[in-house]
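Here is how the chains run, residue by residue.
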Amino acid sequence: MKKGQIVEGIVERIEFPNKGVVRVEETTENGEKKISYCVVKNVIPGQKVSLGVKKVRKGKAEGMLREVLEAAPNQVVPPCAHFGECGGCTYLHLSYEDQAALKEAQVKKLLDGVLCKQEQSYEFMPIKYSPVCQGYRNKMEFTFGDSYKDGPLVLGLHKRGSFYDILTVSDCKICDEDYRSILTATCDYFAGLGLTHYHRMQHTGYLRHLLVRKAAKTGEILVALITTTQQEVDLQPYVDLLLGLNLKGKIAGILHTKNDSLADVVQSDETVLLYGQDYITEELLGLKFKISQFSFFQTNSLGAEVLYQTAREFIGDLGKGEKIVYDLYSGTGTIAQMIAPVAKKIIGVEIIEEAVEAAKENAALNGLTNCEFIAGDVLKVLDDVEEKPDFIILDPPRDGVHPKALKKIIDYGVDRLIYISCKPTSLVRDLEMFLECGYHVDKAVPVEQFPWTANVETICMISKNEVGEPKKVAYREEEIPDCACIYG
């Protein structure tokens, strides 16, 4: 296979997160058949595809999809008109069961790959479904722009593979109809005023983003319009427009967030409250949480209940309220508050100060007095915490735990830990260090938090080996095909 070559092949499998492995049959110069493989994104197993080879390095080829020549046997008609053009979803052309099974297999293979090196057995549990697979998102960040250069104003998501072009996603299926109504009304209103979007290269223009959050349990909605300060615009008519929409939920607050940053990020130089309050309230497993504009909160509220309930089951008995528990990368303290009733004290550490303040407010809102939340980097904060943990919960960002912080965590020598990961490749990297330091994985389960996307959560229970008795399974190497572990 050579760079620039156009080839055809069958997609054999998908490696996490979205790397299709295509089997290509080639004919050599002497007429012999040769099997090669090329990695290409945005495909599903069983499709016959045409692709262009972009890169070949050390015998590994990467390509770009040109055309799907034959559909996969289990392929379905996607329910969203934007699928394929929008970059939001990956697997809308599979049934929910098939895309969940695909993610389950990806997580299982990654865990097998690291655990079989240590000849460890563990219990791998079937993936847990999200209670809802459409309209599940409780937060959407839409971008103002144009669908083509110098085109009319649009508001939506980036087109797949494009940094500039925006697609108005008025038929988006991962958010509910209230989001779509607010999106359409906002775009039409500002287009009618003739206002321009912010141009990233020229650094000119007014409209930047629209952030919408909606609580699944209470139905409260928070709307934040993000603009530059390059124009003065009377936004009261816009507020009146939003309040007049026929929505299933109820608008609790409308914000005007001013952002003159050159970077294409949603942030606040100043936020003005235009209506109501600057937060919404969500409920999870009987607890209440205030969620502001920039609060970190699981994007699938009903799925988060499954995630946290599963984590709580994994944690099990913590004794008679005698344990000190560290909740590292604690966000707004959701997990900490779930287990606070069965612990002596919860110490949460989170680098985002606003999230820490929200965690403190939420703990007070729920009447929990044994939670302490500290703002700072886990790597640095742990040196200053005097109370040592009996149990640790890890819920790090996508890149996992910093190696130096991971070393400090392992040095506490706790008997058990829970690791909640939103990126299984980061999880298995960190697991290798745990295994090298005398720990083993008891059980693991994927949890579907992000239907139709390439992402998946995974929960692992990690325990310390007994001294001198590493937990291993005896078997002959030839009995284990493709480095697959034995499951307990």
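About the cut-offs
- Throughout this document, residue positions are counted from 1 along each chain, in the order its sequence is written.
- Local features in this predicted model are restricted to residues whose pLDDT is 70 or higher, and side-chain atom pairs enter the listing and the counts only when it is 80 or higher, whereas totals over whole chains, interfaces and linings include all residues.
- Calculated side-chain values reflect all of the structure's heavy atoms, with hydrogen atoms and water omitted.
- Paired strands, as defined in this entry, are two strands with at least two bridges between them according to DSSP.
- Elements are defined by DSSP. Helices are runs of H or I of four residues or more, strands are runs of E of two residues or more, and each kind is numbered from the N terminus.
- For the exposure calls, accessible area comes from a 1.4 Å probe over protein chains only, and a residue counts as buried if that area is under 20% of its type's maximum, exposed if over 50%, partly exposed in between.
- A crossover counts as right-handed when, viewed with the strands pointing away from the observer, the path leading from the first strand over the helix to the second turns clockwise.
- Only heavy atoms matter for contacts: two residues are in contact if any of them lie within 4.5 Å across the pair.
- Axes, fitted as lines to C-alpha atoms, cover a helix only where it is in contact. Angles between the N-to-C directions of the axes lie from 0 to 180 degrees.
- Nitrogen and oxygen atoms within 3.5 Å of one another constitute a polar contact, given that in protein one can donate a hydrogen and the other can accept it, and given that sequence-neighbouring residues count only through two side-chain atoms.
- Working definition: rings of Phe, Tyr and Trp (its six-membered ring) pair if their centres are within 6.5 Å, and the pair is stacked with planes under 30 degrees apart, edge-to-face with planes over 60 apart, and tilted otherwise.
- pLDDT expresses, on a scale from 0 to 100, how confident the predictor is about each individual residue.

### Structural notes on the sheet that holds strand 20 (residues 416-421)
Read from one edge of the open sheet, eight strands run 6-21-22-20-19-16-17-18, paired in mixed fashion. In this open sheet, the two strands that pair with only one neighbour each are strand 6 (123-124) and strand 18 (371-375). With six bridges joining them, strand 20 and strand 22 (residues 457-464) adopt antiparallel strand pairing. In the strand pairing of strand 22, isoleucine 420 is matched with isoleucine 459.

### Digging into the pairing of strand 17 (residues 345-350)
Every other side chain in a regular strand lies on the same face of the sheet, so the side chains alternate between the two faces. With six of its six residues buried, strand 17 lies for the most part within the structure. Side chains Lys345, Ile347 and Val349 of strand 17 all project onto a buried face; the interleaved residues Ile346, Gly348 and Glu350 project onto the opposite face, where all are buried too. Here strand 16 (residues 324-328) pairs with strand 17 via five bridges, running parallel. Residue pairing in the sheet places aspartate 327 in a bridge with glycine 348 of strand 17. Read as a crossover between parallel neighbours, the route from strand 16 over helix 5 (residues 334-339) to strand 17 is right-handed. Direction of pairing for strand 17 relative to strand 18: parallel, over a ladder of five bridges. For valine 349, the partnering residue across the bridge sits in strand 18 and is isoleucine 374. Crossover connection from strand 17 via helix 6 (residues 353-365) to parallel strand 18: handedness right-handed.

### With respect to unusual backbone geometry
Peptide bonds are, in most cases, trans, and in most cases residues other than glycine have a negative phi. Here the bond from phenylalanine 16 into proline 17 is cis, since omega is 0 degrees, no more than 30 degrees from zero. Inspection of the secondary structure assignment puts proline 17 in the loop between strand 1 (6-15) and strand 2 (19-27). For leucine 285, which is not glycine, the phi dihedral falls at a positive 50 degrees. Locating leucine 285 in the fold gives a position in the loop between strand 14 (279-284) and strand 15 (287-292).

### Notes on the sheet that holds strand 9 (residues 166-167)
If you trace the seven strands from one edge of the open sheet to the other, you get 9-8-7-10-11-12-13, paired in mixed fashion. Each having just a single partner strand, strand 9 and strand 13 (270-276) make up the two edges of the open sheet. Pairing analysis gives seven bridges linking strand 10 (residues 207-214) to strand 11 (residues 220-227), with the strands arranged antiparallel. The residue of strand 11 that forms the bridge with valine 212 is valine 223. Sheet strands in contact with helix 2 (residues 177-193) are strand 7 (139-146), strand 8 (153-158), strand 10 and strand 11, and its direction is about 155 degrees off that of strand 10. Helix-sheet contacts for helix 3 (residues 236-243) involve strand 10, strand 11, strand 12 (250-258) and strand 13, and the interaxial angle to strand 12 is about 155 degrees.

### Topic: the side chain of glutamine 120
Assignment of secondary structure puts glutamine 120 in the loop between helix 1 (96-115) and strand 6. Polar contacts involving the side chain of glutamine 120 include one to the main-chain carbonyl oxygen of tyrosine 439, which spans 3.3 Å. A polar side-chain atom of glutamine 120 sits 3.3 Å from the main-chain amide nitrogen of valine 441.

### Here's the deal with the packing of aromatic side chains
Under the definition given, this model contains 11 aromatic pairs. When the centroid spacing of 5.0 Å and the interplanar angle of 75 degrees are considered together, the rings of tyrosine 96 and tyrosine 129 count as edge-to-face. One end of the pair, tyrosine 96, is in helix 1; the other, tyrosine 129, is in the loop between strand 6 and strand 7, with 33 residues separating them in the sequence. Since its relative accessible area comes to 8%, tyrosine 96 is described here as buried. Arranged with centres 4.9 Å apart and planes meeting at 50 degrees, the rings of phenylalanine 190 and tyrosine 238 form a pair that is tilted. Here phenylalanine 190, found in helix 2, pairs with tyrosine 238, found in helix 3; they are 48 residues apart in sequence, far enough to count as distant. Residue classification places phenylalanine 190 among the buried positions, given a relative accessible area of 0%. Tyrosine 238 gets classed as buried once you look at its relative accessible area, which sits at 0%.

### Comments concerning the environment of glycine 376
Among the structural elements, glycine 376 can be located in the loop between strand 18 and helix 7 (378-381). Along the chain, glycine 376 and glutamate 350 lie 26 residues apart, while their C-alpha atoms are 5.8 Å from each other. Setting aside anything within four residues of it in sequence, one finds glycine 376 in contact with Val349, Glu350, Ile351 and Val381.

### Quick look at the confidence of the model for the protein
Residues of the protein with pLDDT of at least 70 account for 95%, and the chain-wide mean is 91. Confidence over residues 468-488 falls short of pLDDT 50; this stretch has 35 contacts with residues more than four positions distant or in other chains.

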